[in-house]
Every structure is written in C-alpha cells, then in structure tokens.
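Summary of structural features
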Amino acid sequence: MLIDRATFAIILVVMYMKMEITTERLELIRYDEEFVNTPHVHEDWYQITIPIRGTCVLTQQNRTYRLKPGSSLLQRPSDVHHFHIGANDGVIIIKVQQSLISSRFDGRAADIAPKQQFDPREVAERFRSWTSAFCMHDVQNSISTESEVLHYLRGSLKTTSPAETGLPVQGSADTQIAGVFAYIHEHYTTPIAIDTLASIALQSRFHFIRTFKQAAGLTPYQYILQLRVEAAKKQLRQTAATITSISASLGFSCASQFYRAFVKAVGMTPVQYRHRWNGS
C-alpha cells in the first residue's frame, strides 16, 4: 500500500461515549451508548459491524439480525443497512475502502462471507491500541497502524469458499507469493532467511522484498514478527507458560528481544498484557 506521507491525514472525533478515527482508506468507530441511524449505503466502502457488548439490532437488505458480542455482519457497498443499540450496548465498526478489500482477496471480495465471528474482547483491545496509535499524530506510526488494521482483517475475514485461506495474496498470477505466505505461516516460529523466501517466489532478493510489501503491506520481517506477537498474545491469554518459554517457542533469539518486539507492537509488556487480559 503506497501512501503519500505529505497528505496522510487523520480526522479524530470524540463525543460522549463515541470515538471515531477516519483516514482516507479506513474508519474506526465505537459507540457505547444508545444509538440509532437511518437506512443508508456506503459507496466504495466495506463495513464490518462487530458488537462487543449487549445486542446490536441490525437490518440489512430488509432482513433483521440480533447480533450478540462477536457475531458480526459484513456490509458491502450496495447493501442498504441500519442498526440500533441500547444504553448498555456497545459496537465497533470498521470501514475499509472497497479497493483495499478486493486487492487483499485476489480480486474476489464478493466471496467474503457475510457472517463473521470475532473475539469481542480482542477487537475492543485492538481498537484501543489502534486509536491510541493514531492519536499520537505521527505519520510513520499512523501508516504502520493502518497496515496493521488491514493485516488483521485479512487474517480474520472468512470467505464462502473452503479453498480460500484468507492469506493476503494480491493477484492470481502471484502463485509464488502465495507459496511464500503458506511457507511463512508454517515456519514462522523458526528462523526464516529472506533468501529462502525469495527462492520460493522465484525472484531476486530485492524484487521479492518489494513484491511482498506490495502484497502484505509489511516487509517479510515485519510480517513474521506480527505473526509471532499474535501467537504470543494467544499463549498469554490461554496458558500459564512463562515469558521465557513463550519467547523460545516462537523463535525469538532471547526473552529481551521478545519483550522489545511485544512492547512495540502492543504498547505494554507481556506481563502487563496477561494481567490486563485476566483482569488482575
């Protein structure tokens, strides 16, 4: 994803129990109060509506759904929709430009399943992390955060075809790059050499790095690191494994490298993350 840093702009709207961040390519919105809107469509935008608390009553294409936390719906550019939540409910909305969704799903955005499932606590946590990063008003950090949001959607949105994996492959001609993503997802907990990935893609080292970044929005190193951090977060949430053992199991050279990578990506130490998640 190419962005003109000189023109990258963020619009931040903070109201009572509502937060909204808007860039040229995505919107992040959270409502934590009673809210209702009128039927509408978003031209050239996809929307994912994710309840995180209570019930969201959403009407889409003349059909009404009562969505519980984590059960979400995808709104396509042509879908007429509206929703309402009560005073004790909460919902997070992620809107992404149509071109970005299509390019990340091999041009077949129509194959994305309308019903999606998310972990509501994880989405709420990620929303806090993303909005905090955007509020720093640092262009480089904002570009990285925008890529992180897109990467999360690429890995989370399910397709209607069992053959679709959700891997961020940019085009059907890039079969070698598809093989690279498959290799990374299988081996990301072990050391992976750039030259190995370049050979899988049948490209020179320089050309491969450029091609990979165009497809993933991240360098190979950043992509692998992000997979490791996400796996670490899962272990911190679901196991009692020590920081040292988690670090070793995910291929970090030492615990200090794991700490630095985790703090940079998440904004807190692994110990703080575990305590916050467990409510202790």
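Refer to the preceding data block for the structure.
Residues numbered from 1 in each chain as written. Predicted model: local features only at pLDDT ≥ 70, side-chain atom pairs only at ≥ 80, totals over all residues. Heavy atoms only, no water.

1. With respect to the packing of helix α7 (residues 220-238) against helix α9 (residues 255-266)
Heads up, the rule is: Angles run from 0 to 180 degrees between N-to-C directions of axes, and those axes are lines fitted to C-alpha atoms, restricted for helices to the stretch in contact. Each helix is a run of H or I in the DSSP string that is no shorter than four residues. Each strand is a run of E no shorter than two, and both are numbered from the N terminus. An angle below 35 degrees is read as roughly parallel, one above 145 as roughly antiparallel, one from 65 to 115 as roughly perpendicular, and any other as oblique. We call two residues in contact when some of their heavy atoms are within 4.5 Å. The residue classification treats Ala, Val, Leu, Ile, Met, Phe, Trp, Tyr, Cys and Pro as nonpolar and Asp, Glu, Lys and Arg as charged. All others, Gly included, are polar.
In contact at an axis separation of 10 Å, α7 and α9 are set at 90° when each is read in the N-to-C sense. The orientation of α7 relative to α9 falls into the category roughly perpendicular. Where α7 approaches α9, its residues Tyr-221, Leu-225, Val-229, Ala-232, Lys-233 and Leu-236 are matched on the opposing element by Gln-257, Phe-258, Ala-261, Phe-262, Ala-265 and Val-266. Grouping the constituent residues of the contact of α7 with α9 by class yields 10 nonpolar, 1 polar and 1 charged.

2. Here's the deal with α9
Residue pairs spaced three or four apart in an α-helix point in one direction, given the helix's 3.6 residues per turn. Using the following cut-off: Expected helix span is computed as 1.5 Å times (number of residues minus one). Exposure categories follow from relative accessible area, calculated using a 1.4 Å probe and restricted to protein chains: below 20% of the type maximum is buried, above 50% is exposed, and the middle band is partly exposed. Working note: the arc is built from the helix axis to C-beta atom directions.
An ideal rise of 1.5 Å per residue puts 16 Å on 12 residues; α9 measures up with 16 Å between its terminal C-alpha atoms. Those residues of α9 not exposed but buried are Phe-258, Ala-261, Phe-262 and Val-266. One side of α9 holds all its buried residues, which, seen down the axis, span an arc of 105°. Turned more than 90 degrees from where α9 packs its buried face, Arg-260 and Lys-264 sit exposed. Buried residues along α9 sit in contact with α2 (120-134), α7, α8 (243-249) and α10 (270-278). The positive-phi residue at the C-terminal boundary of α9 is Gly-267, with phi of around 90°.

3. Some thoughts on the nonpolar core
For clarity, the cut-off: Buried Ala, Val, Leu, Ile, Met, Phe, Trp, Tyr and Cys residues form a nonpolar core when they are joined through side-chain atoms within 4.5 Å.
The biggest cluster of nonpolar side chains holds 33 residues, and the ones touching the most others in it are Ile-184, Phe-208, Phe-212, Tyr-223 and Phe-262. Those elements that provide at least two residues to this core are α4 (175-187), α5 (194-200), α6 (205-216), α7, α8, α9 and α10. A total of 8 residues in this core trace back to one element, the largest contributor, which is α7. Counting residues in hydrophobic clusters, the runner-up holds 25 residues, among them Val-96, Ile-112, Phe-118 and Trp-130.

4. Re the pairing of strand β6 (residues 56-60)
Just so we agree on the cut-off: Two strands form a pair only when DSSP identifies at least two bridges running between them.
The buried fraction of β6 amounts to 5 of the 5 residues, a majority that puts the element mostly inside the structure. Alternating positions in β6 separate into two faces, Cys-56, Leu-58 and Gln-60 on one and Val-57 and Thr-59 on the other, with burial throughout. Judged from the 5 bridges that link them, β6 and strand β7 (residues 63-67) form a sheet pairing that is antiparallel. Looking across to β7, one finds that Leu-58 is bridged to Tyr-65. Here β6 folds back onto β7 in antiparallel fashion, the turn holding 2 residues, of which Gln-61 has a positive phi close to 50°. Where β6 and strand β9 (residues 81-85) come together, 5 bridges link them in antiparallel fashion. Bridge pairing links Val-57 to His-84 in β9.

5. A short note on the pattern of salt bridges
Filter applied, for reference: A pair is scored as a salt bridge if a Lys or Arg side-chain nitrogen falls within 4 Å of a carboxyl oxygen belonging to Asp or Glu.
Per the stated rule, a full pass over the model turns up 9 salt bridges. Note that Arg-53 and Asp-32 form a salt bridge whose closest N and O atoms lie 3.1 Å from each other. Separated by 21 residues along the polypeptide, Arg-53 in strand β5 (residues 45-53) and Asp-32 in the loop between β3 (26-31) and β4 (35-36) bring together distant segments of the chain. The exposure class of Asp-32 is buried, given its relative accessible area of 13%.

6. Quick notes on the packing of aromatic side chains
Using the following cut-off: The aromatic pairing rule takes the rings of Phe, Tyr and Trp, using the six-membered ring of Trp, and pairs them if the centres are within 6.5 Å, calling planes under 30 degrees apart stacked, those over 60 edge-to-face and the rest tilted.
If you walk through the whole model with that rule in mind, you get 12 aromatic pairs. Ring centres 5.8 Å apart and planes at 55° place the aromatic pair Phe-208 and Phe-212 in the tilted group. Here Phe-208 and its partner Phe-212 are both found in helix α6, 4 residues apart, which amounts to about one turn of the helix. When its relative accessible area of 0% is taken as the criterion, Phe-208 is described as buried. Grouped by ring-pair contacts, the aromatic residues Phe-181, Phe-208, Phe-212 and Tyr-223 constitute a single cluster.

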